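What follows is the residue order along each chain.
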Amino acid sequence: MDDQDAPDDEAFAFETQAIHAGQEPDPRTGAVMTPIYATSTYVQDGPGDHRGYEYSRTGNPTRTALEANLAALEGGAYGRAFSSGMGAINTVMNLLEAGDHVVTGDDVYGGTHRLFTQVYDQYDVEFSFVDMTDLDAVESAMRPETELVWAETPTNPLMQVVDVQAVADVAHEGDALCAVDNTFATPYLQRPLEHGADVVSHSLTKYLGGHSDVVGGALVTDDEDLDERIAFYQNSVGATPDPFGCFLVLRGTKTLPVRMDRHCENARDLAAWLDDHPDVSEVFYPGLDSHPQHDVAARQMDDFGGMLSFELDGTLEEASELVSSTEVFTLAESLGGVESLIEQPAPMTHAAVPKAEREAAGLTDGLIRVSVGLESVEDLRADLERAIDGALN
Ligand SMILES: *Cc1c(COP(=O)(O)O)cnc(C)c1O
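Not measured: the values here are computed from a predicted model. (Residues numbered from 1 in each chain as written. Predicted model: local features only at pLDDT ≥ 70, side-chain atom pairs only at ≥ 80, totals over all residues. Heavy atoms only, no water.)

Q: Could you clarify how one ought to interpret the nonpolar core in this entry?
A: Buried together is how nonpolar side chains tend to be arranged in soluble globular proteins. Judged by nonpolar contacts, the single largest core of 64 residues is most densely connected at L308, F310, L322 and I368. Looking at this core, the element that brings in the most residues is helix α10 (residues 256-275), giving seven residues. In this view, I368 contacts L308, S309, F310, L312, A319, L322, V323, I342, E343 and P345; residues no more than four positions away in its chain are not counted. Judged by nonpolar contacts, the second largest core, of 21 residues, contains L95, L115, A179 and L219. (Core = buried A, V, L, I, M, F, W, Y, C linked by side-chain atoms within 4.5 Å. Buried < 20%, exposed > 50% of the residue type's maximum accessible area, 1.4 Å probe, protein only. Helix = DSSP H or I, 4+ residues; strand = E, 2+ residues; numbered from the N terminus. Contact = heavy atoms within 4.5 Å.)

Q: What should I look at first to understand the side chain of R63 in this one?
A: When you line up the elements, R63 lands in helix α2 (residues 61-74). A polar side-chain atom of R63 sits 2.9 Å from the main-chain carbonyl oxygen of T58. (Polar contact = N/O pair within 3.5 Å; in protein donor to acceptor, adjacent residues only side chain to side chain.)

Q: Any chance you could explain helix α4 (residues 110-119) here in plain terms?
A: The periodicity of an α-helix, 3.6 residues per turn, causes residues three or four places apart in sequence to face the same way. For α4, the set of buried residues is G111, T112, L115 and F116. One face of α4 carries all of its buried residues, which in axial projection span an arc of 135 degrees. The exposed residues of α4 that point more than 90 degrees off its buried face are R114 and Q118. Against α3 (85-93), β2 (101-105), β3 (126-130) and β4 (146-152) lie the buried residues of α4. (Arc of directions from axis to C-beta.)

Q: Can you help me understand empty space enclosed by the protein in this one?
A: Empty space among the atoms becomes visible once a probe the size of a water molecule is rolled across them. Within this structure, the stated rule accounts for three cavities of 30 Å³ or more. Considered as a void within the structure, the largest cavity measures approximately 60 Å³ in volume. Residues belonging to the lining of the largest cavity are distributed by class as follows: four nonpolar, four polar and four charged. Approximately 50 Å³ is the volume attributed to the second largest cavity. Looking at the second largest cavity, the residues that line it are P154, M159, F184, A185, P286, M301, F304, G305, G306 and M307. Broken down by class, the residue content of the lining of the second largest cavity amounts to eight nonpolar, two polar and no charged. (1 Å grid on protein atoms, 1.4 Å probe; cavity = no way out; pocket = protein on both sides within 12 Å on 5 of 7 lines; lining within 4 Å. Points joined across faces, edges and corners; volume = space filled by probe spheres on them. Nonpolar A, V, L, I, M, F, W, Y, C, P; charged D, E, K, R; others polar.)

Q: Honestly, the site of the ligand in this entry has me stumped. Any pointers?
A: Around the ligand there are 14 residues in total, and G85, D181, S203, T205 and K206 lie nearest to it. Within the side chain of T205, an N or O atom sits 2.6 Å from an oxygen atom of the ligand. In the environment of the ligand, an oxygen atom lies 2.7 Å from a nitrogen or oxygen atom belonging to the side chain of K206. When atom positions are compared with the pocket grids, the ligand is found to occupy the second largest pocket. By residue class, the composition of the shell around the ligand is five nonpolar, six polar and three charged. (Near = heavy atom within 4 Å. Sits in = over half its atoms within 2 Å of the grid points.)

Q: Just checking my understanding: could you explain the domain arrangement of the chain for this structure?
A: Put simply, an interface is often sized by how much accessible area is lost when its parts join up. Per the domain assignment, the segments making up the chain are domain 1 (14-254) and domain 2 (257-392). On a C-alpha basis, the centres of domain 1 and domain 2 stand 26 Å from each other. Counting from both sides, the interface comprises 35 residues of domain 1 and, opposite them, 37 residues of domain 2. For the pair domain 1 and domain 2, the two sides together bury roughly 2800 Å², of which 59% comes from carbon and sulfur. On the domain 1 side of the interface with domain 2, the three residues burying the most area are L158, L189 and Y207, jointly 27% of the side's total. The interface formed by domain 1 and domain 2 holds 14 residue pairs in polar contact (both at pLDDT 80 or more) in total. (Domains from an automatic or database assignment. Buried area = accessible area lost by both parts, 1.4 Å probe.)

Q: Is there a simple way to think about the environment of H350 in this case?
A: Note that H350 resides in the loop between β11 (341-343) and α13 (355-360). Each C-alpha atom, one on H350 and one on T34, is 39 Å from the other, the two residues being 316 residues apart in sequence. Ignoring any residue separated from it by four or fewer positions in sequence, one finds H350 in contact with N156, P157, P345, R358 and L363. A polar contact is formed between the side chain of H350 and the side chain of T349, at a distance of 3.0 Å.

Q: Please explain the packing of aromatic side chains as it appears in this structure.
A: Aromatic ring pairs are described here by two measures, namely the spacing of the ring centres and the angle between the planes. Tallied over the full model, the rule gives eight aromatic pairs. Considering the side-chain rings of F116 and F127, the 4.7 Å spacing of their centres and the 15 degrees angle between planes classify their relative orientation as stacked. Of this pair, F116 sits in helix α4 while F127 sits in strand β3, and the two are 11 residues apart along the sequence. As far as the burial class goes, F116 and F127 line up, both buried. A centroid spacing of 6.4 Å and a plane angle of 20 degrees characterise the contact between F244 and F247, whose relative ring orientation is stacked. Within this pair, F244 and its partner F247 are both found in helix α9 (residues 243-254), separated by three residues, close to a single helical turn. (Phe/Tyr/Trp six-rings, centres within 6.5 Å; stacked < 30°, edge-to-face > 60°.)

Q: Got a minute to help me understand the layout of surface pockets in this structure?
A: Estimates place the volume of the second largest pocket at around 1000 Å³. Surrounding the second largest pocket, 43 residues form its lining, V108, Y109, G110, G111 and H350 being those nearest its centre. Of all elements in the fold, only α3, α4, β6 (199-203) and α13 reach the threshold of two or more residues within the lining of the second largest pocket. In terms of residue count, α4 provides more of the lining of the second largest pocket than any other element does, five residues in total. Taken together, the residues of the lining of the second largest pocket break down into 17 nonpolar, 16 polar and 10 charged.

Rendered as structure tokens:
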């Protein structure tokens, strides 16, 4: 499975690795793009004498290329791909045992919160949900039985930034594993393994796929033992991706750097414009000087990403009117695609959170989240201006 002819990936810049890492022209046909190996099984030359692959749940060459590509981009030695981000996150949870304790953020992705509280809770795993921008809170939540510290940064939808190195240090002092969900930043902007994390998790559905046409997940680590355990659960549980999905993500990662540059540029422009808008009471974007963890973000990230939220100075209904009346922004959940999306967390992505709890966490009725796409920023600005005007008048 090792590509003897592949260049020494680490010698190349991120942009070059995004296109080439894990991939080389098909040795049989010369096809420049990694083929979609649509096969469930592989011939054996004698019982047990296979050529690296036996069965496609366990391994598939298209998936191998994607896994090597993602590992290179995160600066880790080992990558594993899954059929969804949740499949990847679940695999980290498979490493735990009954009686173990997990420290995590009070604003983790909704699906992660559901997996923790409604699935792993019944297996006697305990959770502490804390404000992870507050290191004292993380430290005081640690217990002797804490085995995992699960961080996400920037968070959704308030774009809080967690200091990965500091949190990893706290985890390691307590002999716990530190996992970081790097979906929002992508490895182009932030590589948590460089900041002490043991394992990085991704929803490939978002920026890495990048075109809103595939669901997938991944885990990357630099630790061989950890990777072996991950591979065991990947194969045993079976939330593995099909080769067509792997091909789509591989196609996506090739343009990740250029896409992210434009996502960041457009988001920075919109954040500044919204920040000056009289009908907007607050803008949540790590790139703004006013962001509470702007310094951590500037240190930890190469740029500030394509996600931002803002609070319309209006009612729940007015905010709903705004998100329903844009023409360029599409009203939809999810994020990270080439097209701009807009949503209102209170009645949509965060509807399951009770109103009092929601408001206490800053998820107000007027809060609007946007995934800034690659369209003309003038069109995006004009679209928001029209929708804000229409909603409030
Ligand atoms: C979407 C998302 C997930 C879940 O990934 P799926 O591919 O939808 O299963 C996990 N974490 C974050 C931060 C996400 O945005």
